[in-house]
Amino acid sequence: MGFFRNFKEVLQREKNRELTRAEIVEQDAKECFKQGLNCSECVMTAFLNHFDTGLPKEVVKLATGFGGGMGHTKNTCGAITGAVMALSAIVGRENPAAKETVGERITELQQGIYPIVGKMVNEIKDEYGTLICSELSNPFGDFACKERKKNCMTMIMHCANLAAKYAEEAQK
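About the criteria used
- Per-chain numbering applies: the sequence of each chain, read as written, is numbered from 1 onward.
- For a predicted model such as this one, the threshold for reporting local features is a pLDDT of at least 70, and the threshold for listing and counting side-chain atom pairs is 80 or more; totals across whole chains, interfaces and linings nevertheless cover every residue.
- Note: side-chain values were computed over all heavy atoms of the structure, leaving out hydrogens and water.
- By salt bridge we mean one thing: a side-chain nitrogen of Lys or Arg within 4 Å of a carboxyl oxygen of Asp or Glu.
- Helix numbers and strand numbers start at the N terminus; a helix is a DSSP run of H or I with at least 4 residues, a strand a run of E with at least 2.
- Working definition: with a 1.4 Å probe on protein chains only, accessible area under 20% of the residue-type maximum means buried, over 50% means exposed, and in between means partly exposed.
- Grouping buried Ala, Val, Leu, Ile, Met, Phe, Trp, Tyr and Cys residues that are joined through side-chain atoms within 4.5 Å yields what is termed a nonpolar core.
- In what follows, residue pairs with any heavy atoms lying within 4.5 Å of each other are defined as contacts.
- Helix axes are fitted to C-alpha atoms over the stretch in contact, other axes to C-alpha atoms as well, and angles between N-to-C directions run from 0 to 180 degrees.
- Any angle between 65 and 115 degrees counts as roughly perpendicular, while under 35 counts as roughly parallel, over 145 as roughly antiparallel, and the rest as oblique.
- The hand of a helix crossing depends on one turn: near helix anticlockwise from the far one by less than a right angle means left-handed, and clockwise means right-handed.
- Only Asp, Glu, Lys and Arg are considered charged, only Ala, Val, Leu, Ile, Met, Phe, Trp, Tyr, Cys and Pro nonpolar, and every remaining residue, Gly among them, polar.
- We count Lys and Arg on the positive side and Asp and Glu on the negative side, and we leave His and both chain ends out.
- Two N or O atoms form a polar contact when they lie within 3.5 Å of each other; inside protein one atom must be a possible hydrogen donor and the other a possible acceptor, and for residues adjacent in sequence the pair counts only when both atoms belong to side chains.

Time to look at the pattern of salt bridges. Oppositely charged side chains can pair when the atoms bearing their charge come close. One pass over the full model with this rule turns up four salt bridges. Note that Lys165 and Glu123 form a salt bridge whose closest N and O atoms lie 3.5 Å from each other. Residue Lys165 is located in helix α8 (residues 146-171), and its partner Glu123 is located in helix α6 (residues 102-128); the two are separated by 42 residues in the primary sequence. Glu123 gets classed as partly exposed once you look at its relative accessible area, which sits at 26%.

What follows is about the nonpolar core. Ranked by internal contacts, the top residues of the largest apolar core, which has 40 residues, are Ala79, Leu87, Met120, Met155 and Cys159. Every element with two or more residues in this core is listed here: α2 (21-34), α3 (39-50), α5 (78-91), α6 and α8. Excluding residues that lie within four positions of it along the chain, Ala79 makes contacts with Cys39, Ser40, Val43, Met155, Ile156 and Cys159.

So, about the environment of Ala22. With respect to the element layout, Ala22 can be found in helix α2. Under the relative-accessibility criterion, Ala22 is labelled buried at 8%. With 146 residues separating them in the primary sequence, Ala22 and Glu168 have C-alpha atoms 8.5 Å apart. Setting aside anything within four residues of it in sequence, one finds Ala22 in contact with Asn161, Ala164, Lys165 and Glu168.

Turning our eyes to something else, we now look at the packing of α6 against α8. Relative to each other, α6 and α8 sit at 150 degrees, their axes nearing to 10 Å. In terms of orientation, α6 lies roughly antiparallel with respect to α8. Seen from above, α6 lies across α8 with right-handed handedness. The residues of α8 that touch α6, namely those facing Ile116, Lys119, Met120, Glu123, Ile124, Glu127 and Tyr128, are Thr154, Met155, His158, Cys159, Leu162, Ala163, Lys165, Tyr166 and Ala170. Broken down by class, the residue content of the contact of α6 with α8 amounts to 10 nonpolar, two polar and four charged.

With that settled, the discussion passes to the side chain of Glu26. Take Glu26: it is sitting in helix α2. No salt bridge is formed by the buried Glu26; the nearest opposite charge belongs to Lys30, separated by 7.8 Å. Among the polar contacts listed, one links the side chain of Glu26 to the side chain of Asn161, at a separation of 2.8 Å. Contacts of Glu26, omitting those with residues within four sequence positions, involve Met157, Ala160 and Asn161.

Structure, rendered in structure tokens:
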């Protein structure tokens, strides 16, 4: 009886704790998916809802074509491209030509921006074994099946959470 009481107490504490911003973004992305947004739009919309990027909400239309693995070609996963765009909204360059020389511009990318984006992408690849939509969805057979959609929703939530987590780290 003690185990179950302790387990119930743990569940109650978990229920009562405040969500982190990354968890809120994750849950928002899930709701976006339930409302019919594509994978990339879900991550980007949820991120824009909870981070001050200075960008208008309409920028989400840049994410639209990345859904279904880029135009539904099932290439690079749209949730991942959405996460890269979302994180770039925080760490990306507002004026790529602001640095004086080409060398300085390249250094800015290689030492400042690419490492954090690459770390996030590699974390996703390590978790799922691939970045390719077809490889992520093939185990579920029919692309329209419920199991594949559930898997995509999980992927969307994970990518939204990571984009938020890495953005928060970059803002420190």
